[in-house]
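Structure assessment
The lines below spell out each chain.
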Amino acid sequence: MDAVLVINADLGPLHRVTVQHAIRMLCRRVAEIHEAEPDQVIGVFPMPRVVRLVRYVVTRWRFSAGPAWSRGGVLRRDGRRCAYCDGPASTVDHILPRSRGGRNTWGNTTAACYACNQRKGDRTPAEAGMPLRREPGTPSWAALAR
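Residues numbered from 1 in each chain as written. Predicted model: local features only at pLDDT ≥ 70, side-chain atom pairs only at ≥ 80, totals over all residues. Heavy atoms only, no water.

Our focus in this paragraph is helix α1 (residues 19-27). By the burial criterion, the buried members of α1 are V19, A22, I23, M25 and L26. Buried residues of α1, seen end-on, are gathered within an arc of 155° and therefore sit on one face of the element. Exposed and facing more than 90 degrees away from the buried side of α1 are Q20 and C27. Packing partners of the buried residues in α1 comprise β1 (4-7), β2 (13-17), β3 (31-42) and β4 (45-53). (Buried < 20%, exposed > 50% of the residue type's maximum accessible area, 1.4 Å probe, protein only. Helix = DSSP H or I, 4+ residues; strand = E, 2+ residues; numbered from the N terminus. Arc of directions from axis to C-beta. Contact = heavy atoms within 4.5 Å.)

What follows is the structure in structure tokens.
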């Protein structure tokens, strides 16, 4: 087991942490074990599967416009598949190139393989004759957590 689920005091899921981080939370009495692995212990604590926070943490940020843009998030959102050829993607392509004022936003970036990214270059998909297979959009928190 490499990750422990952290849930809020109202039992709503928050995020995952390492086992070491979960044990530190238990030692500081910030959290308590909600669910544990049977017959496995770390020191005096059972091996946690799920820990619950002792106090409720306000998570208004989760219901805002969505997660902040990141390169890893774009690759995760697109399933590491190229938006042009559907091959394995390793780079992020700007639909409106940065040199023309394109920004790092969910709607302006998509996952692309190195070859398609080089072929498209400093052009829009229409100018390069490379239509997108799927339109980019802002993912939900749940979609990125999967």
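Relative to the helices and strands, T110 is located in strand β6 (residues 109-112). A distance of 3.2 Å separates a polar atom in the side chain of T110 from a polar atom in the side chain of D78. Residues in contact with T110, not counting those within four places in the same chain, are V74, R77, D78, A83, Y84, T91, V92, D93, I95 and L132. (Polar contact = N/O pair within 3.5 Å; in protein donor to acceptor, adjacent residues only side chain to side chain.)

The next subject is unusual backbone geometry. Generally, phi is negative for residues other than glycine and the peptide bonds are trans, each holding for most cases. Phi at R29 takes a positive value of approximately 60°, unusual for a residue other than glycine. Residue D86 is not a glycine yet carries a positive backbone phi of 65°. In this structure, D86 sits in the loop between α2 (71-77) and β5 (91-94). What makes D86 partly exposed here is its relative accessible area of 32%.

Here the focus is the domain arrangement of the protein. The assigned domain composition of the protein is domain 1 (3-61) and domain 2 (71-139). Taking the mean C-alpha position of each, domain 1 and domain 2 sit 38 Å from one another. (Domains from an automatic or database assignment.)

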